[in-house]
Amino acid sequence: MASSTPYTVRWGIMATGWIAEVFTKDLLANPALRNVQDVRHEVAAVASSSAKDRAADFINKVKAPSSAKAYGSYHELVADPDVDIVYVATPHSHHFQNAMLALEAGKNVLCEKALTVNASQARKLVETAKDKGVFFMEAVWTRYFPLSIQVRDLISSGAIGDVYRTIADLSLAKQGADGKIDYPDANRMVNPELAGGALLDLGIYALTWVFQTLYHVQPEAQKEAPKVTAAVNKYHTGADETTSIILQFPNHKSHGIALTSLRVGSDVDGTKSSGAAIRIQGSEGEIQVMGPAYCPLQYRVIKKDSNGDIKIVDCPIPKDPESGWGQGMFWEADECARCLRDGQKESKSLPWTESIVIMEVMEETLRQGGVVYPDVITTDVYDAQSPLNTGKR
Ligand SMILES: NC(=O)C1=CN([C@@H]2O[C@H](COP(=O)(O)OP(=O)(O)OC[C@H]3O[C@@H](n4cnc5c(N)ncnc54)[C@H](OP(=O)(O)O)[C@@H]3O)[C@@H](O)[C@H]2O)C=CC1
Ligand SMILES: O=C1OC[C@@H](O)[C@H](O)[C@H]1O
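What counts as what
- Residues numbered from 1 in each chain as written.
- Chains lettered and ligands numbered in written order.
- Predicted model: local features only at pLDDT ≥ 70, side-chain atom pairs only at ≥ 80, totals over all residues.
- Heavy atoms only, no water.
- UniProt positions renumbered as here; feature names shortened; annotations may be inferred.
- Core = buried A, V, L, I, M, F, W, Y, C linked by side-chain atoms within 4.5 Å.
- Buried < 20%, exposed > 50% of the residue type's maximum accessible area, 1.4 Å probe, protein only.
- Domains from an automatic or database assignment.
- Contact = heavy atoms within 4.5 Å.
- Near = heavy atom within 4 Å.
- Polar contact = N/O pair within 3.5 Å; in protein donor to acceptor, adjacent residues only side chain to side chain.
- Areas by Shrake-Rupley, 256 points an atom, 1.4 Å probe, with all protein chains shown as cover.
- Helix = DSSP H or I, 4+ residues; strand = E, 2+ residues; numbered from the N terminus.
- Nonpolar A, V, L, I, M, F, W, Y, C, P; charged D, E, K, R; others polar.

Looking at an unreviewed UniProt entry, one finds the chain named D-xylose 1-dehydrogenase (NADP(+), D-xylono-1,5-lactone-forming), with Dichotomopilus funicola as its source organism. We quote the UniProt Sequence similarities (unreviewed entry) comment for the chain here in full: "Belongs to the Gfo/Idh/MocA family." Of the chain, the UniProt comment under Catalytic activity (unreviewed entry) reads exactly: "D-xylose + NADP(+) = D-xylono-1,5-lactone + NADPH + H(+)".

1. Structural notes on the nonpolar core
Grouped together as the largest cluster of nonpolar side chains are 129 residues, with contacts concentrated most on Trp11, Ile13, Phe136, Ile280, Ile287 and Tyr299. Both domains that meet at this core, namely domain 1 (7–142 + 376–390) and domain 2 (147–314), each give it at least three residues. If sequence neighbours within four positions are ignored, Ile13 has contacts with Ala20, Phe23, Thr24, Leu27, Val43, Ala45, Val46, Ala47, Phe58, Leu77 and Tyr87.

2. Some words on the site of ligand 2
The local shell around ligand 2 consists of Trp18, Lys113, Arg188, Met189, Asp201, Leu202, Tyr205 and Tyr294. One of the side-chain N or O atoms of Lys113 is found 2.7 Å from an oxygen atom in ligand 2. Residue Tyr205 places a side-chain N or O atom 2.6 Å away from an oxygen atom belonging to ligand 2. Within the complex, 84% of the 270 Å² of free accessible area of ligand 2 lies under protein. Examining the composition of the shell around ligand 2, we find that three residues originate from one element, helix α7 (residues 198–214), more than from any other. Here the residues of the shell around ligand 2 sort into five nonpolar, no polar and three charged.

Dropping the structure here:
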């Protein structure tokens, strides 16, 4: 008989930036509001690489319980026996070293996207998770949206026949009046030292839709790595600003088109009236996914013989009625909790091999585009004392 006591996971939050805050507030949201009774989350500790006070301020800001510990270093966080799983919320440049720090300390890890800067780093992380016998997952939250699960199920059930093409776009119109992209050159979005660029930050979501619909749904033995043809425009910092990828899956005769840009937006006027960000095209019809590729809230199923009778399905994110809070990151946290409870080391919705194949596609894209990042962030040699782990910037 299933236990009526929810399984509790104690989180350690590594970094105190934007997404750390959003994710932690979702962790603290009441699971009942999303009809979840079997798992729950606690914030055990928060670490800032810059100052203990920053971690303490973060704990106050997100309204975590005062029992949550504040640390002024990532090393202290991963040594805390009260932390079951570490959420790595640093820039992409830091993921390899930071996730290794936690894995080497024997911690389970949820690491923000893009998982790493290259495929070799991703492979090393997976090997380490295996060696240590811990859970490890890339935090592509979109995969855990009920909408994504429904779309994958529709494809698997043959609702639109054989899928031959997926076109997916995640672009943000960030060009300012002066022709420059509206982020300072030092910002993580365009700074090569922080693995900046459209591809690793946004393109990963376009690729997520290509992979969810053309790769993930295939039987294990039929999953194939795609051929990659990419066009990349570089910003003056050296990071990619507009990147378009054609992925060819030869055995399935399917194509994925993954688009991303910091010059033009998928949502032209900010009113979400620009049409489908994702089109999944099959022999018997098409599924269109509306809204930003990272956080889609509606899909449409258009059958070949529908005669205009389109099925429209809304999948809103449950909000706390009092605070209005709820961003949809809690679903990926619930997945982590269930995997820990059930002793699973990887998530079935985003297995290790799939994260690695996607990293291979991104690495090849950057190679074709001539985007080069500094050695300190591309090395696949773990160094506990790397400046990326100690915060000595
Ligand atoms: N899933 C999603 O929807 C989203 C995911 N992300 C992902 O999360 C990660 C972090 O993004 P975001 O929160 O926007 O970034 P921020 O710049 O807001 O925060 C990053 C944090 O990392 C820590 N950090 C450590 N070293 C550095 C450094 N050299 N430069 C800057 N920060 C450093 C800092 O925390 P401290 O000083 O406390 O150590 C900082 O606050 C990225 O990988 C991004 O792709 C981002 C936005 C949305
Ligand atoms: O993951 C993300 O999703 C939302 C974007 O605004 C952000 O830049 C990116 O990191």
